[in-house]
Amino acid sequence: MATSRRLPVDALPHGSGLSLHSVRDLQYREWSRLGWSCDGRLLSAIGQDLGLCLWLVPAVLGPESHVAERPVARQTLLRAYRWSPVANREMAVVSSGRVTMLDVQTNRERWDQSLPDRGTHHAVTISPDGHRVAAAAGHSVTMVDSATGRVRSSFRVSPHTEGLSWSPRGRTLASRHRDGPGAVLLHPAGAPEQATTLHAGPADAMIWMPNGVEVCLALDATIGVANGHTGTMLSRAEGHTAPVIGLAVSADGSLLASESEDGELRLWRTDSLECLAVVDLAGGGEESAGGLAFHPERPLLAFRSHRNRRLNLLELDVERLYDAPRQDASRYRNAKVVLLGDTGVGKSGLGLVLSGQPYRATDSTHGRQVWRFSEETAAQPDGGIETREVLLWDLAGQPGYRLVHQLHLAEAAVALIVFDARSEVDPFSGVRYWARALRHGRRPVHTLLVSAREDRGGPQVSRARINELVTELKLDGYAETSARELRGVADLSRVIEGAIDWSAQPQSISTRLFETIKRFLIDEKADGHALSRADELFRLFQARHRELAGEPELRAGFDTCAGLLESRDLIRRFTFGGYVLLRPELLDGYASALINAARAQPDGLGYLAEEEALAGRFPIPEETRLAEPGEERLLLIAMVEELLQHDLALREPNDGGVDLVFPSQLTRDRPDAPYLGPADVEFRFEGALQNVYATLAVRLSHAATFVTHELWRNAAVYVTRAEGRCGFRLTEPDEGVGRLELCYAPGTAEETRQIFEDYVADHLAKRALPDTVVRRRVFTCPRPECGYQLDEELARRRLARGDAAMECPACLSGEISLRERDRAVPAVADEVSAMNASADLRRRRETATATVRGKRAVGDFDVYLAYQAADRGTVERLRQQLLDEGLLPWMHGEETGAGPDERARIGVVVMVLGAHGGPWDDESQLATVNEFIARGVRFVPVVLPAKAEEPQLPPFLRDVPMVDFRVAEPDPVRRLIWRITREHRRGD
């Protein structure tokens, strides 16, 4: 099997089309953000704590080439910079809430402009014509005239903006963020606040492709290409075995370069994403290099070596790279077809026969089942072959499963909403709900209404009513079937096949090796295996594919492929113990059973004790249970972790422990008291109401601004620091249509009301169906015994007269306020953003409790903390910070319940240097330190704030980058977590 050979960067073979010029020794280790001036004479980078540095690059490179360093007077801590595309010696830089146009020839500032916000995340870019500077800091992106420095406009974004990039023609500005599923937004130049979400997930880098239409993204270990107009994913290129951290496109647009955390550089064709070369950048290192930059005119790529602290230039022979022989790429597209509908309407029987299995009577599905519908190959215009696979997802129909199944509707290509046309109660039960839930997906779904039991007797709903419903819900068609008699099944199969728009399904381009690994994992899943360690699966894979013995990076490729299948919901990797759940539908079954158990609580409070949930002491359908108790215990931990991660449950302390509370499952009706007052604002929206309600209730409880006071069925009340009370109640006037009314206790401050209202509006904008949210002010008599709602037309007429209030026409005593709230209050918008950040932090910490529990259950320690006994108090606080992030540390002298086997599995040791020295100075710890040295673990030196003088490290640590807690930025805790895990944590 042909594979791409990793070429060592310092020994590139003759004829490879690659030539290395190592042109500069770097005095300091941490350089990032490489960039070229528009004439290609100056190369730049930011050094940690050093500001900006420039190097003059000779026009002709030879074996002894050396670049001259040009220091820049501006040495303040820079956050980001971008060279002007039209002025050879000008660049825009962002630093501490200011954006500056800098003339590097004279080291003078042409202009300096303050930004409306400050923050730890900054970004800057300049439009291709050089006229506009876009700078991000805090919650805002500010547009500045590049000639005068005057602010043109400003619009609000996430406070965690990490990148900005103009499309080649300057028509669209892309912004990259750390938080949320919409981590990349596309802003039209004329109306930047009207952004389109690029549905790809968090990206660690982005760059526009030369055609100006496509955006290239670093998505974990894959390269993703998305349509920059519609926001839909077009293709993914696989091959890297570690997260991709850098992207660059050559000046002629022919090559894409990508760099991963393990020090691998890949070169791809931009037109087909075919991999042309793989280069080992000195084998990786302790820190990511953090920067690729193509010369603006020549085929010259600048990068920084990982280990040898050198600035390098890689000269590329594009023609030779294009012509060189290479491996055959594997191309694959997958389409998801979902079977939806209430329980007992015949979904599972229909799913069986559609997937080519014989019909059999089935009980109600618990969780979900996934079957292969079809697989075929299709010839491509360039002569290649593409594999196309269709998977059929049968989702359980009981209402208790809706909360979980809403998470699996994304990326569906075709949906079959199945109903019982002969039901004597409500033949269309659930149809409207699922039709609206599907609209919440990331792209249009071809949706068919299907009657699945045409062989049954009894009266049938009329065809006229069916046609009316199809028209009302804007469905794409109707089909009648009988799974038992196979009636209409073949016709429905042909309709499904014809309905799939393969050009709209993202294409995966991978190596044959990756394809072999994926096929192995899918076959293991099909054989019914449930839970295995990744190590065991890998050994089994090696045994079955002995021809791959000696294949470089085989284990890394195996783990990467597992991650790719996980991204398609086909398997699930646990965050502890290296376990892989090959049947993730089991998680759905257990989670839905737990939610149903919480709903069945006799007091109507929708909860179950966390210990009861983790012990499996709630009704679980036998057909979904794991037989082995130890495996079930781990599955239950992963289940709780997932529910917390998706904001579907709250951890609420009680007198004897912790309860898991599910706001959507409360059955206790709201009493009349305590009286909050009449409805003040009403939101109408469409979507998955229970998901919207549950996540709103949970996130408000997590936000520091409000504290949960009471929860009821579809209603909640919160108190504030100022003793104000805010609440909401949800009703469903029609299936899938929600009405959310906000109300306040008398005396609640106007600013508090506005914060609460805007937070709810922000939540609905993210969670409800797009373009369905309508906010309406409700004009209500404030007297509790009256509560009369004023007619909207009358209120508008009185407002037009200039009235700020009017007498209640019902009781003639109350005064109804007619004033609208001011919508543009920056302080309120800042508070809403702060609430979201607080809710994200609380969710992350709550989820971490389950992660750490799982790691303790299997003895999966992330790191060993070695320190001087006198620094114990400070190290305890550091330990808690790691626990809050889901990392399990072993503190020296602690963990008496763990044994030598657990310690032997630890691969990272943090050596803490405090005011009293380091652990190497402690005779009692020398044996342990020497044990770790002999094992070759990774060491991470940490300097505590109390250490005043420069640290003196022992020889085995002198060349290892330290994490210095005496330096506040970048955040030392985040740096330490990265050094331990080698993973970038999002949502910081």
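The model shown is predicted, which means the values in this text are computed figures rather than measured ones.

What counts, and at which threshold
Residues numbered from 1 in each chain as written. Predicted model: local features only at pLDDT ≥ 70, side-chain atom pairs only at ≥ 80, totals over all residues. Heavy atoms only, no water. Buried < 20%, exposed > 50% of the residue type's maximum accessible area, 1.4 Å probe, protein only. Helix = DSSP H or I, 4+ residues; strand = E, 2+ residues; numbered from the N terminus. Pairing = 2+ DSSP bridges. Axes fitted to C-alpha atoms, helices over the stretch in contact; angles between N-to-C directions. Parallel < 35°, antiparallel > 145°, perpendicular 65-115°, else oblique. Left-handed = near helix turned anticlockwise from the far one by under 90°. Contact = heavy atoms within 4.5 Å. Nonpolar A, V, L, I, M, F, W, Y, C, P; charged D, E, K, R; others polar. Salt bridge = Lys/Arg side-chain N within 4 Å of Asp/Glu carboxyl O. Polar contact = N/O pair within 3.5 Å; in protein donor to acceptor, adjacent residues only side chain to side chain. Phe/Tyr/Trp six-rings, centres within 6.5 Å; stacked < 30°, edge-to-face > 60°. Patch = residues over 30% accessible without salt bridge, like charges linked within 9 Å, V, L, I, M, F, W, Y side chains within 5 Å. Areas by Shrake-Rupley, 256 points an atom, 1.4 Å probe, with all protein chains shown as cover. Lys, Arg positive; Asp, Glu negative; His and termini not counted. Charge placed at Lys NZ, Arg CZ, Asp CG, Glu CD.

Draft legend 1. Fine view of the pairing of strand β13 (residues 140-145). Summarising burial for β13: six of the six residues are buried, a large majority. Residues of β13 alternate between two faces, with S140, T142 and V144 on one and V141, M143 and D145 on the opposite face, all of them buried. A loop of two residues connects strand β12 (residues 132-137) with β13, the two strands running antiparallel in sequence, and G138 in this loop sits at a positive phi of about 65°. When β13 meets strand β14 (residues 151-156), the two strands line up antiparallel, connected through five bridges. Paired with S140 across the strands is R156, a residue of β14.

Draft legend 2. Region of the structure containing the packing of helix α7 (residues 512-526) against helix α8 (residues 534-544). Where α7 contacts α8, the axes come no closer than 11 Å and their chain directions differ by 115°. Of the possible angle classes, the one that applies to α7 and α8 is roughly perpendicular. The handedness of the crossing between α7 and α8 comes out as right-handed. Here T516, I517, F520, L521 and E524 of α7 lie close against α8, whose contacting residues are L537, L540, F541 and R544. By residue class, the composition of the contact of α7 with α8 is six nonpolar, one polar and two charged.

Draft legend 3. Examining the sheet that holds strand β1 (residues 6-8) more closely. Spatially, β1-β26-β25-β24-β23 is the arrangement adopted by the five strands of the open sheet, whose pairing is mixed. Edge positions in the open sheet fall to β1 and β23 (244-249), since each of these has one partner strand only. Looking at each pair of strands side by side, their axes are set apart by 25° on average, direction ignored. Summarising the sheet, strand β25 (residues 264-269) and strand β26 (residues 275-280) pair through five bridges and their orientation is antiparallel. Residue pairing across strands places W268 opposite C275, the latter belonging to β26.

Draft legend 4. Just the packing of α8 against helix α9 (residues 554-567), in detail. Relative to each other, α8 and α9 sit at 120°, their axes nearing to 11 Å. For the crossing formed where α8 meets α9, the hand is right-handed. For the pair α8 and α9, contact is made by A534, D535, L537, F538, F541 and Q542 and by L554, R555 and F558, respectively. Of the residues belonging to the contact of α8 with α9, the class tally is six nonpolar, one polar and two charged.

Draft legend 5. Local environment of the environment of T560. Positionally, T560 belongs in helix α9. Under the relative-accessibility criterion, T560 is labelled buried at 10%. T560 has contacts with A221, H240, T241, A242 and F514, leaving out every residue within four places of it along the chain.

Draft legend 6. Layout of the sheet that holds strand β17 (residues 184-188). Across the sheet, four strands lie side by side as β15-β16-β17-β18; this open sheet has antiparallel pairing. Looking along the sheet, the strands with just one partner apiece sit at the ends: β15 (161-166) and β18 (196-198). Between one strand axis and the next, the sheet turns through 25° on average, direction left out of account. Bridging between β17 and β18 involves three bridges; their strand directions are antiparallel. Residue pairing across strands places L186 opposite T196, the latter belonging to β18.

Draft legend 7. Structural detail: the pattern of salt bridges. In total, this model carries 57 salt bridges according to the counting rule given. Salt-bridge contacts for D271 lead to R269; the nearest nitrogen and oxygen are separated by 2.8 Å. K518 is the partner of E515 in a salt bridge, and the nearest nitrogen-oxygen pair spans 3.6 Å. Residue E515 and its partner K518 are located together in helix α7, separated by three residues, close to a single helical turn. Each member of the pair E515 and K518 is classed as buried. Several salt bridges share partner residues, and in doing so they unite E610, E611, R651, R842, E846 and R853 into one network.

Draft legend 8. Molecular detail of helix α2 (residues 347-354). Of all eight residues that make up α2, eight are buried, and the element is covered over most of its length. Looking only at α2, the buried set comprises K347, S348, G349, L350, G351, L352, V353 and L354. Summarising the contacts, the buried residues of α2 are in contact with β30 (330-340), β31 (368-379), β32 (385-395), β33 (412-419), β34 (446-451) and α6 (489-499). Following α2 by one or two positions, G356 adopts a phi angle in the positive range, close to 85°.

Draft legend 9. Main features of the pairing of strand β47 (residues 737-744). Taking burial as the measure, the eight residues of β47 include seven buried ones, the bulk of the element. Where strand β43 (residues 679-686) and β47 come together, seven bridges link them in antiparallel fashion. Considered in β47, the bridge of R684 is made with R739. Note that strand β46 (residues 725-734) and β47 share seven bridges and pair antiparallel. Bridge assignment links D734 to a residue of β47, and that residue is V737.

Draft legend 10. Just the environment of T708, in detail. Mapped onto the elements of the fold, T708 is located in strand β44 (residues 706-712). Sequence-wise, T708 and V698 are ten residues apart; in three dimensions their C-alpha atoms are separated by 9.2 Å. Among residues more than four places away in sequence, those in contact with T708 are S701, V717 and Y718. Polar contacts involving the side chain of T708 include one to the side chain of S701, which spans 2.5 Å.

Draft legend 11. Molecular detail of unusual backbone geometry. Residue D647 is not a glycine yet carries a positive backbone phi of 60°. Topologically, D647 is positioned in the loop between α12 (629-645) and β41 (650-653). Of note in the backbone geometry, L812 takes a positive phi value of approximately 60° without being a glycine. By secondary structure assignment, the location of L812 is in the loop between β49 (805-807) and β50 (815-817).

Draft legend 12. Layout of the side chain of E566. Structurally, E566 can be placed in helix α9. The buried category is assigned to E566, whose relative accessible area is 19%. There is a polar contact of 2.9 Å between the side chain of E566 and the backbone nitrogen of R573. Apart from residues no more than four positions distant in its own chain, E566 is found in contact with I571, R572 and R573.

Draft legend 13. Quick look at the packing of aromatic side chains. Scanning the entire structure with this criterion turns up 17 aromatic pairs. Measuring from centroid to centroid gives 4.9 Å for Y433 and W434, while their planes differ by 80°, and the two rings are edge-to-face. Judged by its relative accessible area of 7%, Y433 falls in the buried class. Seen in terms of ring centroids, F861 and W890 are 5.0 Å apart; in terms of plane orientation they differ by 55°. Their pairing is tilted. With a gap of 29 residues between them, F861 in the loop between α16 (826-858) and β51 (863-866) and W890 in strand β52 (residues 889-891) connect regions that are remote in the sequence. For the pair shown, F861 and W890 are each scored as buried. Among the aromatic residues, those joined into a cluster by ring pairs are Y693, F706, Y718, F728, Y744 and F756.

Draft legend 14. The arrangement of the side chain of R176 in detail. Among the structural elements, R176 can be located in strand β16 (residues 172-177). Among the polar contacts made by the side chain of R176, one reaches the main-chain carbonyl oxygen of D204 at a distance of 3.4 Å.

Draft legend 15. Molecular detail of a negative patch on the surface. Taken together, the side chains of E315, D317, E319 and D323 present a region of like negative charge at the surface. Along the chain, D323 falls in helix α1 (residues 318-323). Relative accessible area serves as the criterion here: at 60%, D323 is assigned to the exposed category.

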